[in-house]
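Chains, contacts and geometry: an overview
Okay, here's what each chain looks like letter by letter:
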Amino acid sequence: MEQGRAREAAERPERRPPPPAASPAPEGHAPYRAPERHAPSGPGAPAAHHVPEQARGPHDHDDHDGPLPGTPRLVQRHSVRGQVLDALRAALVGGDLVPGQVYSAPALGLRLGVSATPVREAMQQLAVEGAVEVVPNRGFRVVERTPRELAELAEVRALIEVPVMLRLARTVPAGRWAELRPLAEATAAAAAHGDLAEYGEADRAFHRALLGLAGNEQLVAVADDLHRRSQWPLVSPPAVRRADLVADAAEHGALLDALVAGDLNVVESLVREHFTGARD
């Protein structure tokens, strides 16, 4: 009997309680439906990677003043900063920026036809190089150099460059020195114009090429920095005549002649004397 009851219970379908009836939605409202798990689609749906405006950071939004790195706009701005830096360096060498005077970035920007931002960035670089110093809330003061400082720079340059030039005179073929003649001629042409800034650039280019034959980029960078510092004007700079520049440039040709000939005594004498010149 028990077995019969068990068989009968197994053959009957299982009865489950009916689901609770959904409560009617309030009048004027649609019944609640659970949200779907897949992302919405259609013309009004946001893209999966979309970042809402309120969630974006200061560099995430579309901004004409903030292009992504590597775009031509950023390269162009860097080029402007470099041009401003070159212009300010030329103004320092030429005496257009007077030692002891304070200059503001906006004022210099007006003179150069650019905004204050690249001028300020260039001035910060000049401050690192020791050409100017920051004056809070005013701008940048051109450093006042003394004859003693220039003498010290000349001594350091000689300690670095004389041994290098003597080593190069022993090892570099004469033909390599002949390749530098155009650079020496460029310094002579700049000296003939009497333009201090033009001559300063040509002079440094010649010396960079000389030391570049040593194959030491760090040496060239350090020597070029010392050379640039030695070109900054004094507090009361003496009047530089065109004849002084011409004589200074002539020493470049004489130095090449001594290097081609391998005359070490003349090479050493010319390099040491060259550093004590009026503008070098």
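Structural notes, computed from the coordinates. Here the structure is a predicted model, which means the values were calculated and not measured.

Some remarks on the overall build of the protein
Scanning the protein from terminus to terminus reveals 11 helices and three strands. Its helices and strands taken in sequence order, the protein reads α-α-β-α-α-β-β-α-α-α-α-α-α-α from the N to the C terminus. Taken over 280 residues, the protein has a buried fraction of 30%. Across the protein, contacts joining residues at least 24 apart in sequence account for 69% of those joining residues at least 6 apart. In the structure as shown, the protein presents an accessible area of about 18200 Å², 55% of it carried by carbon and sulfur atoms.

A few points about empty space enclosed by the protein
One pass over the full model with this rule turns up four cavities of 30 Å³ or more. The wall of the largest cavity is formed by Glu161, Met165, His207, Leu210, Leu211, Glu251, His252, Leu255, Leu270, Val271, His274 and Phe275. Elements supplying a minimum of two residues to the lining of the largest cavity: α5 (147–171), α8 (196–212), α10 (242–261) and α11 (264–275). Broken down by element, the residue count for the lining of the largest cavity peaks at four residues, all from α11. A per-class count over the lining of the largest cavity returns seven nonpolar, three polar and two charged. A volume near 50 Å³ is recorded for the second largest cavity. Around the second largest cavity sit Arg157, Glu161, Arg204, His207, Arg208, Leu211, Val220, Ala223, Asp224 and His227, which together line it. Listing elements by their share of the lining of the second largest cavity, those giving two or more residues are α5, α8 and α9 (217–230). The residue makeup of the lining of the second largest cavity, split by class, is three nonpolar, two polar and five charged.

Brief notes about helix α4 (residues 116–129)
Between the first and last C-alpha of α4 there are 20 Å, a value that for 14 residues agrees with the 20 Å anticipated at 1.5 Å per step. Residues Ala116, Pro118, Val119, Ala122, Met123, Leu126 and Glu129 constitute the buried set of α4. Here the buried residues of α4 occupy an arc of 160 degrees about the axis, which is enough to place them on one side. Positive phi appears at glycine 130, one or two residues downstream of α4, with a value of about 90 degrees.

Details of the nonpolar core
Within the largest apolar cluster, 26 residues are counted, with the highest numbers of intra-cluster contacts made by Met165, Trp177, Leu210, Leu256, Leu259 and Val267. Mapped onto this core, the elements with two or more residues apiece are α5, α8, α9, α10 and α11. The leading source of residues in this core is α5, at eight residues. Valine 267 has contacts with Met165, Leu166, Leu255, Ala258 and Leu259, leaving out every residue within four places of it along the chain. Among the nonpolar cores identified, the runner-up in size contains 19 residues, and Ala116, Leu126, Phe140 and Trp232 belong to it.

Digging into the pattern of salt bridges
All told, the structure shown has 12 salt bridges when counted by the stated rule. Glutamate 268 serves as the salt-bridge partner of arginine 272, at 3.3 Å between the closest nitrogen and oxygen. Here the residue arginine 272 and the residue glutamate 268 both occupy positions in helix α11, the gap between them amounting to four residues, near one helical turn. According to the relative accessible area criterion, arginine 272 is partly exposed, its value standing at 41%.

Some details on the packing of helix α3 (residues 105–112) against α4
Where α3 contacts α4, the two axes come as close as 8 Å, and the packing angle between them is 115 degrees. By the criterion of interaxial angle, the relationship of α3 to α4 is roughly perpendicular. Handedness of the α3/α4 crossing: right-handed. On α4, the residues that touch Ala105, Pro106, Leu108, Gly109 and Leu112 of α3 are Ala116, Val119, Arg120 and Met123. Here the residues of the contact of α3 with α4 sort into seven nonpolar, one polar and one charged.

Points about unusual backbone geometry
The phi dihedral of asparagine 137 is positive, around 65 degrees, even though this residue is not glycine. With respect to the helices and strands, asparagine 137 occurs in the loop between β2 (132–135) and β3 (139–142). A relative accessible area of 86% places asparagine 137 in the exposed class.

What counts and what doesn't
Residues numbered from 1 in each chain as written. Predicted model: local features only at pLDDT ≥ 70, side-chain atom pairs only at ≥ 80, totals over all residues. Heavy atoms only, no water. Helix = DSSP H or I, 4+ residues; strand = E, 2+ residues; numbered from the N terminus. Buried < 20%, exposed > 50% of the residue type's maximum accessible area, 1.4 Å probe, protein only. Contact = heavy atoms within 4.5 Å. Areas by Shrake-Rupley, 256 points an atom, 1.4 Å probe, with all protein chains shown as cover. 1 Å grid on protein atoms, 1.4 Å probe; cavity = no way out; pocket = protein on both sides within 12 Å on 5 of 7 lines; lining within 4 Å. Points joined across faces, edges and corners; volume = space filled by probe spheres on them. Nonpolar A, V, L, I, M, F, W, Y, C, P; charged D, E, K, R; others polar. Expected span 1.5 Å × (residues − 1). Arc of directions from axis to C-beta. Core = buried A, V, L, I, M, F, W, Y, C linked by side-chain atoms within 4.5 Å. Salt bridge = Lys/Arg side-chain N within 4 Å of Asp/Glu carboxyl O. Axes fitted to C-alpha atoms, helices over the stretch in contact; angles between N-to-C directions. Parallel < 35°, antiparallel > 145°, perpendicular 65-115°, else oblique. Left-handed = near helix turned anticlockwise from the far one by under 90°.

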